[in-house]
Amino acid sequence: MPGLAARRPGFVWLLAAVLVPVLLTAVVIGIKAGPTEDDLRQRSLAALDARGITGVRVDFSGRDATVVVPAGADAAEAQKVVAAVDGVRTAHSNQQVVASPTGAPSTGTAEEPTGTTSAVPSTPPAEAEVAPFELSRTDQAITVHAVVRDQETKDKLVAEVQALLTEGTDFTDQISIDEKTALPNPTALSALLHALSTATGDAAIKYDGDKVTLSGKVADQATKATAARAAAAAVPGAVIANELQVPTVPKPPVSEACQTFEARLARFNAENKLVFLSGTDTVNDASRPSVTKAAKLLLSCASFDVEVSGHTDNLGNPATSLPLSQQRADAVKTALVKLGVPAGRITSRGYGETRPVASNTTSAGRIANRRVEIRVL
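These remarks concern the structure in this document. In this text the structure is predicted, and so the values were computed from the model without any measurement. (Residues numbered from 1 in each chain as written. Predicted model: local features only at pLDDT ≥ 70, side-chain atom pairs only at ≥ 80, totals over all residues. Heavy atoms only, no water.)

1. Describing helix α3 (residues 151-164)
Taking 1.5 Å of rise per residue, the 14 residues of α3 would be expected to cover 20 Å, and the 20 Å separating its terminal C-alpha atoms lies within 8% of that figure. Taken as a whole, α3 has its buried residues at Thr 153, Lys 154, Leu 157, Val 158, Val 161 and Leu 164. Projected down its long axis, α3 shows its buried positions confined to an angular sector of 135 degrees, all on one face. Opposite its buried face, α3 presents the exposed residues Glu 152, Lys 156 and Ala 163, each directed more than 90 degrees away. On its buried face, α3 sits against β7 (141-148), β8 (170-177) and α4 (187-197). (Helix = DSSP H or I, 4+ residues; strand = E, 2+ residues; numbered from the N terminus. Expected span 1.5 Å × (residues − 1). Buried < 20%, exposed > 50% of the residue type's maximum accessible area, 1.4 Å probe, protein only. Arc of directions from axis to C-beta. Contact = heavy atoms within 4.5 Å.)

Written out as structure tokens, the structure reads:
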């Protein structure tokens, strides 16, 4: 078979050209599969740590993540953080901490991850409980009695307290280190400290192992709400008793003139007309005394801002009615300002012929519609 023998070298080279790239690709994929999962795991843990979520285990199968969180942690939030990591395709969460006979937490799962929080054990181990803590502030000192997970966290907390100290105020440092009973979210302590720094007089935030109690006086309602959210983040699942007090700002007494202002303005509009000559922004002679009465009424109570609205009849072109009504409103505003009413209290606006108060088929009706009205904003 001389022909077959002559063709065999060409066939061998063709087979090599096909198989070698395939084999190289398989090797490369095999090399990268492990590091890709490790890289995703490391970046997921870093993202969780940046959000103050600790004690979480992240397992990968390819680009699909299973997020295992301890009891008391926010499983949905942890799952959301991991799902946002670049390269992660899906993320499911499992929440559990099961006590083994030796007291160490087990990593076994009771259910297949479903993307929602699974049932947690009714009696978590004592080692996983958050130690009681107390933050207090007086005019003389800021006291921090808390457990943190490491020296770095403590140093950072101490630096934040010292930055909040004012002249003549001391820092009572009762911060200890114990990874097992430390606060799961140390950044929440910072928020609580800043809330305390705005307190007026004595204030305290205390966790007794079941309830977080916030007491004292703070500057405003927003600070009170912020402190409550920080307390809930510091000890997830704890009862929050927000007893912080916010000073009440006494309202200034309302004069009799202001109490009756709106009723008097309504009566003024019913009894006094501000009407105009046809096609002009000139108040007719009969209406001029009404402008003076309006100024006296507005000056009797400075608590109300008003709108001066201008109107027209329907005899003109609709395209010119709107600017004419604005000119009438502006003319009355100018007159009121000259009589002493602050310009900032008056808004002038033209409505054209869109709001008649009488029929435009009669002379009397058209006169009534060529008007300016004043109303409370």
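There's more to say after this.
2. Considering the sheet that holds strand β12 (residues 306-310)
Taken together, the three strands give an open sheet; going across it, the order is β13-β12-β14, and neighbouring strands pair in mixed fashion. In this open sheet, the two edge strands, each paired with only one partner strand, are β13 (346-350) and β14 (372-376). Across the sheet, the axes of successive neighbouring strands diverge by a mean angle of 25 degrees, strand direction being ignored. In terms of strand pairing, β12 meets β14 through five bridges, oriented antiparallel. (Pairing = 2+ DSSP bridges. Axes fitted to C-alpha atoms, helices over the stretch in contact; angles between N-to-C directions.)

3. Side note on the environment of Leu 322
Looking at where Leu 322 falls in the secondary structure, it is placed in helix α9 (residues 318-338). C-alpha of Leu 322 to C-alpha of Tyr 351: the two residues are 29 residues apart in sequence and 5.9 Å apart in space. For Leu 322, the contacting residues outside a window of four places in its chain are Gly 350, Tyr 351 and Gly 352.

4. So, the nonpolar core
Within soluble globular proteins, side chains that are nonpolar generally end up buried alongside one another. Of all hydrophobic cores here, the largest spans 33 residues; its most connected members are Phe 133, Val 144, Leu 189, Leu 192, Leu 193, Val 212 and Val 235. Sorting the residues of this core by element identifies β6 (133-137), β7, α3, α4, β9 (203-207), β10 (211-217) and α5 (221-234) as the ones contributing at least two each. At six residues, α4 tops the list of elements feeding residues into this core. In this structure, Leu 192 is in contact with Phe 133, Leu 135, Ile 205, Ala 227, Ala 230, Ala 231 and Ala 234, ignoring residues within four places of it in sequence. By size, the runner-up hydrophobic cluster in this structure holds 24 residues, among which are Phe 268, Leu 297, Phe 304 and Val 306. (Core = buried A, V, L, I, M, F, W, Y, C linked by side-chain atoms within 4.5 Å.)

5. What about the state of the cysteines?
In total, this model carries one disulfide according to the counting rule given. Residue Cys 258 pairs covalently with Cys 301 via a disulfide, S to S 1.9 Å. Between Cys 258 and Cys 301, the S-S torsion sits near 105 degrees, and that sign places the bridge as right-handed. Of this pair, Cys 258 sits in helix α6 (residues 256-259) while Cys 301 sits in the loop between α8 (288-299) and β12; the two residues are 43 residues apart in sequence, bridging distant segments of the chain. Assessed through its relative accessible area of 13%, Cys 258 is described here as buried. Looking at Cys 301, the relative accessible area reads 1%, which means it is buried. (Disulfide = S-S within 2.5 Å.)

6. A word on the side chain of Arg 345
Examined against the element boundaries, Arg 345 turns out to sit in the loop between α9 and β13. Within the buried set, Arg 345 has no salt-bridge partner at all; the shortest N-O distance to an opposite charge, 4.3 Å, is to Asp 305. Within polar-contact distance, the side chain of Arg 345 engages the backbone oxygen of Cys 301 at 2.8 Å. Once you skip the residues sitting within four places of it in the chain, Arg 345 turns out to touch Leu 298, Cys 301, Ala 302, Phe 304, Asp 305 and Val 306. (Lys, Arg positive; Asp, Glu negative; His and termini not counted. Salt bridge = Lys/Arg side-chain N within 4 Å of Asp/Glu carboxyl O. Polar contact = N/O pair within 3.5 Å; in protein donor to acceptor, adjacent residues only side chain to side chain.)

7. Here we look at the packing of α3 against α4
Taken N-terminus to C-terminus, the directions of α3 and α4 make an angle of 10 degrees; their axes are 11 Å apart at the nearest point. With respect to their mutual orientation, α3 and α4 come out roughly parallel. Along this stretch, α3 crosses α4, giving a crossing that reads as right-handed. Of α4, the residues touching α3 (which contributes Leu 157, Glu 160, Val 161 and Leu 164) are Leu 189, Ser 190, Leu 193, His 194 and Ser 197. Tallied by class, the residues present in the contact of α3 with α4 amount to five nonpolar, three polar and one charged. (Parallel < 35°, antiparallel > 145°, perpendicular 65-115°, else oblique. Left-handed = near helix turned anticlockwise from the far one by under 90°. Nonpolar A, V, L, I, M, F, W, Y, C, P; charged D, E, K, R; others polar.)

8. What about the sheet that holds strand β11 (residues 239-245)?
With respect to topology, six strands assemble into an open sheet ordered β8-β7-β6-β9-β10-β11, the strand pairing being mixed. The two strands at the open ends of the sheet, each matched to only one other strand, are β8 and β11. With direction set aside, neighbouring strand axes in the sheet form an average angle of 5 degrees. Taken together, the five bridges between β9 and β10 define a ladder with antiparallel strand orientation. Within β10, the residue paired with Ala 204 across the bridge is Ser 215. Together, β6, β7 and β9 form the strand contacts of α4, whose direction differs from that of β6 by roughly 25 degrees. Each of β6, β10 and β11 touches α5; the most contacted strand, β11, lies at about 155 degrees to it.

Interpretation note: all reported values are geometric properties and have no functional meaning in isolation.
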